[in-house]
Amino acid sequence: MDLAKKKDPSVLCEYVLPDFVNTHRGYVKLPHVSEEGEEGVKKPVPTKEQIIRLSLERFSVPEMLFNPSDIGIEEMGLTEAIVFAIKQCPANMQPHLFNNIVIIGGSSKFQNFKERIIRDVRACAPDEFTVNVYRPEDPVVEAWKGGQLLGGWPEYHNIRVTKSEYEEHGPNVCSKKLNDSIAISNT
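Residues numbered from 1 in each chain as written. Predicted model: local features only at pLDDT ≥ 70, side-chain atom pairs only at ≥ 80, totals over all residues. Heavy atoms only, no water.

On to the sheet that holds strand E2 (residues 27–29), then. Pairing within the open sheet is antiparallel, and its 3 strands lie in the order E2-E1-E5. Each end of this open sheet is capped by a strand with a single partner; those strands are E2 and strand E5 (51–54). Averaged over all pairs of adjacent strands, the angle between their axes in this sheet comes to 35°, without regard to strand direction. Sheet analysis places strand E1 (residues 13–16) next to E2, joined by 3 bridges and oriented antiparallel. Each residue of the ladder has a partner; that of Glu 14, found in E2, is Lys 29. (Pairing = 2+ DSSP bridges. Helix = DSSP H or I, 4+ residues; strand = E, 2+ residues; numbered from the N terminus. Axes fitted to C-alpha atoms, helices over the stretch in contact; angles between N-to-C directions.)

A full pass over the atoms with the stated rule returns 3 aromatic pairs. With 5.7 Å between their ring centres and 40° between their planes, Phe 98 and Phe 129 make a pair best called tilted. Of this pair, Phe 98 sits in helix H4 (residues 94–98) while Phe 129 sits in the loop between helix H5 (113–124) and strand E7 (133–134), and the two are 31 residues apart along the sequence. For the pair shown, Phe 98 and Phe 129 are each scored as buried. Taking 6.4 Å as the distance between ring centres and 55° as the angle between the ring planes, the aromatic pair formed by Phe 110 and Phe 113 counts as tilted. Given a relative accessible area of 30%, Phe 110 falls into the partly exposed group. Just above the ring of Phe 66 sits the side chain of Arg 116; from NZ or CZ to the centre is 4.2 Å. (Phe/Tyr/Trp six-rings, centres within 6.5 Å; stacked < 30°, edge-to-face > 60°. Buried < 20%, exposed > 50% of the residue type's maximum accessible area, 1.4 Å probe, protein only. Lys NZ or Arg CZ within 6 Å of the ring centre and 35° of its normal.)

A few words on a nonpolar patch on the surface. On the surface, a nonpolar cluster with roughly 220 Å² of combined accessible area is contributed by Val 61, Leu 65 and Phe 110. Structurally, Phe 110 is set in the loop between strand E6 (101–102) and H5. (Patch = residues over 30% accessible without salt bridge, like charges linked within 9 Å, V, L, I, M, F, W, Y side chains within 5 Å. Areas by Shrake-Rupley, 256 points an atom, 1.4 Å probe, with all protein chains shown as cover. Salt bridge = Lys/Arg side-chain N within 4 Å of Asp/Glu carboxyl O.)

Between side chains of opposite charge, pairing is possible as soon as their charged atoms come close. For the coordinates displayed, the defined rule picks out 7 salt bridges. For the salt bridge of Glu 142 with Lys 145, the shortest nitrogen-to-oxygen distance reads 3.5 Å. Of the two residues, Glu 142 and Lys 145 are both situated in helix H6 (residues 142–152); the distance of 3 residues between them amounts to about one turn of the helix.

What follows is about the pairing of E1. The pairing of E1 with E5 spans 4 bridges and is classified as antiparallel. Note that in E5 the partner of Val 16 across the bridge is Ile 51.

Following the sequence through the fold, Arg 116 ends up in helix H5. Within the structure, Arg 116 has its side chain in polar contact with the side chain of Glu 63 (distance 2.9 Å). If sequence neighbours within four positions are ignored, Arg 116 has contacts with Glu 63, Phe 66 and Asn 67. (Polar contact = N/O pair within 3.5 Å; in protein donor to acceptor, adjacent residues only side chain to side chain. Contact = heavy atoms within 4.5 Å.)

The geometry of a pair of packed helices is captured by two quantities: the angle between their axes and the separation between those axes. Relative to each other, helix H3 (residues 78–87) and H5 sit at 50°, their axes nearing to 9 Å. Looking at the two axes, H3 sits oblique to H5. The hand of the H3/H5 crossing is right-handed. When H3 is examined against H5, the residues Leu 78, Thr 79, Ile 82, Val 83 and Lys 87 are found in contact with a partner set consisting of Phe 113, Ile 117, Asp 120, Val 121 and Cys 124. (Parallel < 35°, antiparallel > 145°, perpendicular 65-115°, else oblique. Left-handed = near helix turned anticlockwise from the far one by under 90°.)

So, in structure tokens, the structure goes:
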């Protein structure tokens, strides 16, 4: 973060937005090397590409996930939420949960994101527990894959909540259906 505050050109990058004609995905434009041999980002050249120049944002946006209070949101950060959720579970399950943290979604692809989660959770976890964090090969689609598995589960029809049920009974219907399904499967 200190590097970015000093306006160091090595932290600058240009992101080219997709135009959905030639490209359907954005990409980071590689820095060039000037005649003097200094690495930096090219000076803006007239082009049809839509470019976003990123500097401090590369660090401050991901940091908000860990410290939302930095932008005035008085909520738990990601690490605190993980530890809080684990500590709400029975004590005999906690070592297994600290040992099997899975991160998914596009944000998990931020540089050093997994290492930051490991470091921060390790600092909050009891010393005798092992902390492991796993990130699937393609974390962006893992939530969808989980939903796909759930939809194919034979008991899914017992726990699904329709829009009309939710509108009639409110959010508590979700817990009720899940708890009823668990009670039935345990008998």
